[in-house]
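# Topology and contacts: notes
Chain by chain, the residues:
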Amino acid sequence: MNRKIAAVAAIATVLVASACSSSSSSDSGSKSSEVLSKDGKGKKITVWLMDDAQKQWNEVVEAAKTQFKNETGADVEIQWQTWSNYTTKVDTALLSDNAPDAIEIGNTQAAKYIDAESFVDLTSVKSKFDNSDKWLDSLAASGQSADHSKTYAVPYYAGARVMIYRKDLFEAAGVTQAPTTLAELKTALDKVKAANAGTANFSALYLPGKNWYSAVSFGAGSFGVDGVIAKSSGDKWTSTLTDPKFIEGISTWNDLQKAYSVGGTTVDETDQDARMAQGNIAAIIGNGWEVGSVIDEKNGNPALKDKLATIALPGAAAGDPTPAFLGGSDLAVPAKAKNAGLGATFLQIFTNTAQQTALAKHAIPNAKNLVDAYKAADKANEATGNAAQGKTWFIPNSPLWSGSNETELKNALSAIAAGGDPATELKKVEAKVVGSLND
Amino acid sequence: MSDVLSPAPETRQPLPPVRKPKKSKETEVGRSSVMTWVWNVIALFVAVVMAFPIYWMIITTFKTNKDLISQDPTFWPSSFSLDSYKTIFDDASFLPALRSTLVLTVGAVVLGVAVGFLAAVAVARFNFRGRSFFIVTMLVVQMVPLIAILIPLFVVMNNAGMTGSLFGVILAYLVFTVPYVIWTLRSFIVNIPAELDEAAMVDGCTQWGAFFRIILPLTMPGLVTTAVYSWIQAWNEFIVASMLLSTSGNKSQTAMTWLTFYSSTPTRAADYGSQMAGGLLVSLPVIILFVFFQKKVSAGLTAGAVKG
Amino acid sequence: MSVTTNETVTRSDNQGPAPVKKPQRRGVFAGGQYIPYTLLLPAIVVLAGVLVYPIYKLIDLSFMNVNRFSFLAHPEKAKYIGFDGFSKVLGDDTFWEVVLRTVYFTAELVLLSMVLGMLLALLLNRVSAWVRVTFFTVMMFVWAIPALVNGQVFRWLFSSNSGVVDYIAYLLTGDESWKHYDWFADSTVGLYVVGASVVVWGALPFLVLGLYAALTQVPKELMEAAKLDGANSFQAFRHVTLPVIRPFLMISTALSFIWDFQVFAQIYSLRNSSPEDGYQTIGIYLYMHGVSSSQYSNGSVISIVMIVMMLAVLVYYIRQMLKIGANER
């Protein structure tokens, strides 16, 4: 009996002791070697990238691998990832002793890991990265420390939402000129709606209730892009969700929804492409790639191929579109990586002008001077490129911002879409969304 | 399932407080065969309702874009397409993922049943100090929400150098298989009369001989049942495997993790047809296992527990 | 392990206060003091190895302020805050709403799945062989589908856009408005009807198969004797069937309770990873406010409250099980 207890206690002590001792010896790997290393003969580094790269710009990855091998002698093993459950995976990988040597993270996730010093400080070598002085502002900011003095993550690519609409339906309703202001948009949508009154379940502009990206865009349109959702002064975040200007923008979104969007109050935007392919939606707000998914051979309707067009979402005045959310990815070197120096070198090669220009055929590249290549690659890219170059908004860049805050916001917007009063619902959720940033 | 045609001896009348007891044998049989058909129809109806979501999954995998984008749902594909299955079989990580899952599951089942069986023997055949405590602890272990201990679990495994190894995940799975195995097998073993062991020993068997010749074979149905249960749990587990194997790259990702690659993400739409095809193909080994052991499972599921 | 010596060991010394009324252990392993511990050892080592530290950590975290990732990565930054974490989590009205919702939902699920499981098992006892085989085959498919996929499939079935349930309702009633009925708009309907269907649907195979097997253990002669004694169907069920299947009923009710109380994957995927307030049962609340938002200390408090609540409910059950355990020795 006693021996049993003693044995269990011994096991427990060993476990606890070993757990405590090793978890406190954290960032030993980062300072051992220089930040950029080319000494990779016979070594192999591990890199985590989203499988979007595998599916769309695999040749860019391959080219980077080859160049890296030539310059350092090291091999690269890419481990493809997906966004589902990625936060938990990164959380644990960054705590573990065999962290990858370079990883891709969403730009909304970066602050959390930068705050935790989980990444190698790249400030001293930033200038050695191509175009680092012309990186897209918002993307570059997401990879910096809170006071913007240090750089921990390198911009990879960006995405921006635009309006995707059915040229054929708009033209059939007598709208030949793409709308440039919100007022023109409403007039156009009225015509489209009237012309298709006979179509069951028709949405002239489909705005799902949980698409917080487009809803907040309207909020940012009237409030302004700085400090949207919450603004910081020092360490303290104050909510701007109940600012009259912001509510006004959300009401604009809600009015459009009431007038032109049918159904979808309790869903998010994930199935809007498939729904648009059904034929009873004339316009959606989505990422540039969603055009391809509406006309997808299998899940979409290939017949719509030449009937879709994209424009930046119109704003209050012509030439001043509603700001888009600037989504995107950053690349960083985990502090616990075994080959941190080589990892940084790989990122340097992977984001150099040549690779980024090649990537520009598929996504918005990381630097302002390369966006033109993106726009030139495809006619549909022009709107997204413009949206990314124009005013864009971003989440409160706090390490405490997480998926839960987004969910709270989505659900408040869904309640508004279902008939709730914007001011009341935003007031109700304000503490939940912003309060947790001040813990 | 040999006595299946024997008519049910009772009817389920909505219980009037006093029923006249005696009925002639003839009426009861005649009545029952009619009633059997009534019950058959009801059971088939329930089966159809239960099967409908599965049916929906299956036809989704065959649908072409014409059906997928139609306004009203179509109950039967207007034309069949094998594209979804092609996508799955063209995916180079499908088979390796299935293999990892298989290794994981077999490991978790064999280890879990073995470890649990030994403990069940101890609990069922011995009177020792701490027995009640042990039984209660096993129940409490089942109550610990797995997601709550994910991060600490990862820290333990990381310090033991077992993240990224399938063995670490197998150990983690024992947390939810072993208690169930102990609970179920205990009842089985209790029901084996101790006299049998003794008789065998009188006949010259050693203790371990008696153990292997008497207890093990008689517990077989229970072993099969718990094995199937553990199999399903381990086979379908996602979050622990995805996390503990996160740093090992794609070579040891499990089938469930692989399946998430087909759901929608911020950068692409979901391919539901392929996702469902993948889901079905991943479930197939479990279903085959069931068909194989069907009789033993349903008989064994409670054979011990009922007398517990 | 030496087999011969075991039998010579007298069993009574240092056995503690011997349970007097119970018979001595018999059978193969009569003797040997250390044998039971040897047999338990693998289970104890494995479970302790995997669980002791996490559970210790869970309790440790609940008294700390590790509510951001950087405190987890750098434990030296975190500090102990005593019961502040508890008072913060427990002082939140939302938390109690979640607890209440969890209680209602669990009660509904356990009741529904046990009653349906029992009725279906009784039904299967009365049908033809081929019907039974058909039914079991369906059950096996249902059981084999990963929970990850379940919620997704039900989300489609109940979708307000081209959802097949709405369409069937329309076909049956001829009422166009059914075509776009939104099952998720009202969380009461969404959780207690749709959410409950997913969970119960997934839980039934285990219960029906088990309960059916349990029913086959009821001796036919006993049933007949009961009939002869003038018992009606209900009385026969109550006095003959129920006692026989009671142990399995208890185990499966307790397991259902544990599973349903913690339910997560089905509801989470049913709401496409962003469950509204009205869908948040404690498992989901824990995930959103503990794991996914890196509020590990808050999450630990929630987990501990969860375990305590389950224990409180299951105290009765544990005592029953121990009684059964005691009787059978």
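Source: prediction; values computed, not measured.

## A short note on the overall build of chain A
Helix and strand content of chain A: 18 helices and eleven strands. Looking at chain A as a whole, 59% of its 439 residues are labelled buried. Within chain A, counting contacts between residues at least 6 apart in sequence, those at least 24 apart form 76% of the total. For chain A, the computed accessible surface area is about 16,200 Å², with 52% contributed by carbon and sulfur atoms.

## What about the overall build of chain B?
Secondary structure summary: chain B contains twelve helices and zero strands in total. The proportion of buried residues among the 308 residues of chain B is 61%. Long-range contacts, defined here as pairs at least 24 residues apart, represent 72% of the contacts in chain B between residues at least 6 apart. Working note: accessible area of chain B is about 12,000 Å², and carbon and sulfur atoms make up 71% of it.

## Details of the interface of chain B and chain A
Each partner contributes residues to the interface: chain B has 38 residues there, and chain A has 43 residues. Summing both partners gives a buried area of about 3,400 Å² for chain B against chain A, and 51% of it is carried by carbon and sulfur. One can count one salt bridge joining chain B with chain A. Here Asp 271 of chain B ties to Lys 298 of chain A by a salt bridge, and the two come within 3.0 Å at their closest N and O atoms. Summed over the shared surface of chain B and chain A, the number is six residue pairs in polar contact (both at pLDDT 80 or more).

## Brief notes about the pairing of strand 4 (residues 153–166) of chain A
Residues and elements named next belong to chain A. The element strand 4 is extensively covered by neighbouring structure, given that 14 of its 14 residues are classed as buried. Across two bridges, the pairing between strand 4 and strand 10 (residues 364–365) is antiparallel. Bridging from a neighbouring strand, Tyr 157 pairs with Pro 365 of strand 10. As judged from the five bridges shared by strand 4 and strand 7 (residues 283–287), these two strands associate in the antiparallel manner. Bridged to Val 162 within strand 7 is Gly 286.

## Observations concerning unusual backbone geometry
Residue and element names in this part refer to chain A. A positive phi angle, close to 75°, is found at Ile 229, a residue other than glycine. Along the chain, Ile 229 turns up in the loop between helix 9 (212–223) and strand 5 (230–233). With relative accessibility at 0%, the residue Ile 229 sits in the buried group.

## Quick look at the packing of aromatic side chains
Taken as a whole, this structure holds 59 aromatic pairs over all chains when the rule is applied. With centroids separated by 5.1 Å and ring planes inclined at 90°, the aromatic side chains of Tyr 113 of chain A and Phe 69 of chain C adopt a geometry described as edge-to-face. Highlighted residues: Tyr 113 of chain A in helix 5 (residues 110–115) and Phe 69 of chain C in helix 2 (residues 69–73), drawn from two different chains. Aromatic side chains Phe 257 of chain C and Phe 261 of chain C sit 5.5 Å apart centroid to centroid with 40° between the ring planes, which places their arrangement in the tilted category. Of the two residues, Phe 257 of chain C and Phe 261 of chain C are both situated in helix 10 (residues 233–261); the distance of four residues between them amounts to about one turn of the helix.

## Things to note about the nonpolar core
Formed by 228 residues in total, the largest nonpolar core has its most connected members in Phe 119 of chain A, Tyr 173 of chain B together with Phe 135 of chain C. Residues Phe 170, Leu 182, Ala 215 and Trp 237 of chain A belong to the second largest nonpolar core, which totals 55 residues.

## Looking at the confidence of the model for chain A
Across chain A, the average pLDDT comes to 87, with 92% of residues at or above 70. Under a pLDDT of 50 for its full length, residues 1–32 of chain A has, in the predicted model, 25 contacts with residues more than four places off or in other chains.

## Some points on the packing of helix 8 (residues 187–216) of chain C against helix 10 of chain C
Residue and element names in this part refer to chain C. As a packed pair, helix 8 and helix 10 sit with axes 10 Å apart at the nearest point and diverge in direction by 160°. When the axis of helix 8 is compared with that of helix 10, the two are roughly antiparallel. Seen from above, helix 8 lies across helix 10 with right-handed handedness. For the pair helix 8 and helix 10, the contacting residues are Val 199, Phe 206, Leu 207, Gly 210, Leu 211, Ala 214 and Leu 215 in the first and Thr 241, Ile 245, Phe 248, Leu 249, Ser 252, Leu 255, Ser 256, Trp 259 and Asp 260 in the second.

## So, the UniProt feature "transmembrane region" (unreviewed entry) in chain B
Here the UniProt-annotated "transmembrane region" (unreviewed entry) positions come out as residues 37–58, 102–126, 133–154, 166–189, 210–232 and 272–293 of chain B. Secondary structure content for residues 37–58 of chain B is 100% helix and 0% strand, while the C-alpha to C-alpha distance between its ends is 29 Å.

## Considerations on a nonpolar patch on the surface
The grouping of Val 34, Val 38 and Ile 42 of chain B at the surface amounts to a nonpolar patch, some 220 Å² of accessible area in total. Looking at where Val 34 of chain B falls in the secondary structure, it is placed in helix 1 (residues 25–62).

## Considering the environment of Glu 117 of chain A
The residue Glu 117 of chain A is located in the loop between helix 5 and helix 6 (137–142) in this model. When the C-alpha positions of Glu 117 of chain A and Tyr 152 of chain A are compared, they lie 8.9 Å apart, and in sequence the two are 35 residues distant.

## Side note on the confidence of the model for chain B
All names here are of chain B. Residues of chain B with pLDDT of at least 70 account for 82%, and the chain-wide mean is 78. Per-element confidence in chain B is highest for helix 4 (residues 94–125), whose mean pLDDT is 91, and lowest for helix 8 (residues 194–202), whose mean pLDDT is 72. Residue range residues 1–30 is modelled with pLDDT below 50. Its contacts to residues more than four positions away, or to other chains, number 36 contacts.

## Description of the side chain of Ser 118 of chain A
Relative to the helices and strands, Ser 118 of chain A is located in the loop between helix 5 and helix 6. Residues contacting Ser 118 of chain A, with those up to four places away along its chain left out, are Leu 94, Tyr 113, Val 333, Pro 334 and Ala 335 of chain A together with Phe 69 of chain C.

## Side note on the layout of surface pockets
Remark: the empty space left among the atoms is shown by a probe the size of a water molecule rolled over them. All names here are of chain A. Each pocket or cavity is described by its volume, and for the second largest pocket that value is around 1,200 Å³. In this structure, the second largest pocket is lined by 43 residues; those nearest its centre are Ala 146, His 148, Trp 237, Asn 397 and Ser 398. Per-element tally for the lining of the second largest pocket: the top contributor is helix 6, with four residues. Of the residues belonging to the lining of the second largest pocket, the class tally is 19 nonpolar, 14 polar and ten charged. Two domains each put at least three residues into the lining of the second largest pocket: domain 1 (28–158 + 327–388) and domain 2 (160–325 + 395–438).

## Quick notes on helix 6 (residues 150–159) of chain B
Residue and element names in this part refer to chain B. Of all the ten residues making up helix 6, nine are buried; the element is thus mostly covered by neighbouring parts of the structure. Considered for burial, the residues of helix 6 that qualify are Leu 150, Ile 151, Pro 152, Leu 153, Phe 154, Val 155, Val 156, Met 157 and Asn 158. A positive backbone phi angle near 70° is found at Gly 161, which sits one or two residues after helix 6.

Conventions and cut-offs
- Residues numbered from 1 in each chain as written.
- Chains lettered and ligands numbered in written order.
- Predicted model: local features only at pLDDT ≥ 70, side-chain atom pairs only at ≥ 80, totals over all residues.
- Heavy atoms only, no water.
- Helix = DSSP H or I, 4+ residues; strand = E, 2+ residues; numbered from the N terminus.
- Buried < 20%, exposed > 50% of the residue type's maximum accessible area, 1.4 Å probe, protein only.
- Contact = heavy atoms within 4.5 Å.
- Areas by Shrake-Rupley, 256 points an atom, 1.4 Å probe, with all protein chains shown as cover.
- Buried area = accessible area lost by both parts, 1.4 Å probe.
- Salt bridge = Lys/Arg side-chain N within 4 Å of Asp/Glu carboxyl O.
- Polar contact = N/O pair within 3.5 Å; in protein donor to acceptor, adjacent residues only side chain to side chain.
- Pairing = 2+ DSSP bridges.
- Phe/Tyr/Trp six-rings, centres within 6.5 Å; stacked < 30°, edge-to-face > 60°.
- Core = buried A, V, L, I, M, F, W, Y, C linked by side-chain atoms within 4.5 Å.
- pLDDT = per-residue confidence, 0-100.
- Axes fitted to C-alpha atoms, helices over the stretch in contact; angles between N-to-C directions.
- Parallel < 35°, antiparallel > 145°, perpendicular 65-115°, else oblique.
- Left-handed = near helix turned anticlockwise from the far one by under 90°.
- UniProt positions renumbered as here; feature names shortened; annotations may be inferred.
- Patch = residues over 30% accessible without salt bridge, like charges linked within 9 Å, V, L, I, M, F, W, Y side chains within 5 Å.
- 1 Å grid on protein atoms, 1.4 Å probe; cavity = no way out; pocket = protein on both sides within 12 Å on 5 of 7 lines; lining within 4 Å.
- Points joined across faces, edges and corners; volume = space filled by probe spheres on them.
- Nonpolar A, V, L, I, M, F, W, Y, C, P; charged D, E, K, R; others polar.
- Domains from an automatic or database assignment.

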